[in-house]
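# Fold and contact review
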Amino acid sequence: MGEKMRLDRLVASQIYGVSRADVKKLCLKKKISVNGRLMARSDTKVDTDDEIVVDGRRIVYKKHIYIMLNKPKGVVCSTKDGISQTVLELVPKELYREGLFPAGRLDKDTEGFVLLTDDGELAHKMLSPRSHVPKTYFVRLEKPWEQGYSDIMSKGMTISGENGGEDEKCLPAELTLSADNNCECTLTLHEGKYHQVKRMFSELGNKVVYLKRISIGDMALDENLALGECLEILHKDVESLLTPKQDKW
């Protein structure tokens, strides 16, 4: 058995743009059934595991939703901006729901994996400095990397402060150098300082010209997900977002 809930509250929570008042109207029009029985009242208590059909559409109740977005350049990780397109504007209507937000941020000019969710508890765990959830990035550099980069980063390098601020000590990070291109590598961080990847390479006298987040925890960005596209993450896979990676890049 699932959770007991008012029908109007359940339906309104699962279909974006449908209010409780709308659910009441749909009941009066005999457009909602529960376990095959037409519902006359929208305040009826139902079970979240019940078979609920709204105007021909089967509703499968989900307490929270988790969405993988392959963010393109030029899109901001914000719920609203007013100038630039936001990550929420890329979510298709069938996945959108109230309370959706990006769990963490990528720079406007950085591509890749952004998690969108309405689960504040999971987001807090992911973003907590104590969690050290690993995030891996594909990096393309302006100049060829040097072998010494790996050792420096693995020991926890110090980077210059932003705008003349105090220098910052980074946690140890794992750098994997490409065997095919001496300007490409992958970098796994266990924290999220402002512009950290760019600042780390700048400290080493190099410049990041392209950056893409390719994994969070043990979950990799789907290779078939085009820029700007979204993919719902199954609930059973959500914990892998908090899990250290099993394979090194």
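A few points on the structure. (Residues numbered from 1 in each chain as written. Predicted model: local features only at pLDDT ≥ 70, side-chain atom pairs only at ≥ 80, totals over all residues. Heavy atoms only, no water.)

## Comments concerning the overall build of the chain
Looking only at helices and strands, the chain has five helices and 17 strands in total. Dimensions of the chain along its principal axes, counting C-alpha atoms only, are 70 × 40 × 35 Å. Burial statistics for the chain: of 249 residues in total, 45% are counted as buried. Considering only intrachain contacts with a sequence separation of at least 6, the fraction spanning at least 24 residues in the chain is 65%. (Helix = DSSP H or I, 4+ residues; strand = E, 2+ residues; numbered from the N terminus. Buried < 20%, exposed > 50% of the residue type's maximum accessible area, 1.4 Å probe, protein only. Contact = heavy atoms within 4.5 Å.)

## Here we look at the nonpolar core
One finds Leu116, Val139, Leu187, Val197, Met200 and Phe201 to be the most contacted residues of the largest nonpolar core, which totals 35 residues. Listing elements by their share of this core, those giving two or more residues are strand E7 (66-71), strand E9 (111-117), strand E10 (135-141), helix H4 (148-154), strand E14 (184-189), helix H5 (196-203) and strand E15 (208-216). Contacts of Met200, omitting those with residues within four sequence positions, involve Met153, Met157, Ile159, Cys170, Ala173, Leu187 and Leu189. (Core = buried A, V, L, I, M, F, W, Y, C linked by side-chain atoms within 4.5 Å.)

## Describing helix H1 (residues 7-14)
Within the span of H1, buried status applies to Leu7, Asp8, Leu10, Val11 and Gln14. The buried residues of H1 occupy an angular sector of 165° when projected down its axis, which confines them to one face. As for H1, its buried residues are in contact with strand E1 (4-6), helix H2 (20-28), strand E2 (32-34), strand E4 (45-47), strand E5 (52-54) and strand E6 (57-59). (Arc of directions from axis to C-beta.)

## Description of the pattern of salt bridges
For the structure shown, the criterion picks out 15 salt bridges. Here Glu51 and Arg58 are joined by a salt bridge, their closest N and O atoms 3.7 Å apart. The class of Arg58 is partly exposed, set by a relative accessible area of 48%. Glu168 is the salt-bridge partner of Arg199, the closest N and O atoms lying 2.7 Å from each other. Taken as a pair, Arg199 in helix H5 and Glu168 in strand E12 (residues 168-169) lie far apart in primary sequence, 31 residues in all. Judged by relative accessible area, Glu168 falls into the partly exposed class, the value being 27%. Sharing partners across several salt bridges, the network here consists of Glu162, Glu168, Glu191, Lys193 and Arg199. (Salt bridge = Lys/Arg side-chain N within 4 Å of Asp/Glu carboxyl O.)

## Remarks on the sheet that holds E2
Reading across the sheet, the four strands line up as E3-E2-E5-E6 and stay open at both edges, with antiparallel pairing between neighbours. Single-partner strands in this sheet number two, and they are strand E3 (37-38) and E6. Across three bridges, the pairing between E2 and E5 is antiparallel. Bridge pairing in E5 links Val34 to Ile52. Along the sheet, H1 makes contact with E2, E5 and E6, crossing E5 at roughly 65°. (Pairing = 2+ DSSP bridges. Axes fitted to C-alpha atoms, helices over the stretch in contact; angles between N-to-C directions.)

## Re the layout of surface pockets
Considering only enclosed or pocket space, the largest pocket measures out at about 590 Å³ in volume. Lining the largest pocket are 29 residues, and of these Arg105, Tyr137, Gly192, Lys193 and Arg213 sit closest to its centre. Only helix H3 (120-127), E10, H5 and E15 provide two or more residues apiece to the lining of the largest pocket. Ranked by the residues each element gives to the lining of the largest pocket, the list is headed by H5, at three residues. Residues that form the lining of the largest pocket fall into these classes: 13 nonpolar, eight polar and eight charged. (1 Å grid on protein atoms, 1.4 Å probe; cavity = no way out; pocket = protein on both sides within 12 Å on 5 of 7 lines; lining within 4 Å. Points joined across faces, edges and corners; volume = space filled by probe spheres on them. Nonpolar A, V, L, I, M, F, W, Y, C, P; charged D, E, K, R; others polar.)

Scope: geometric values only; no functional claims are made or implied.
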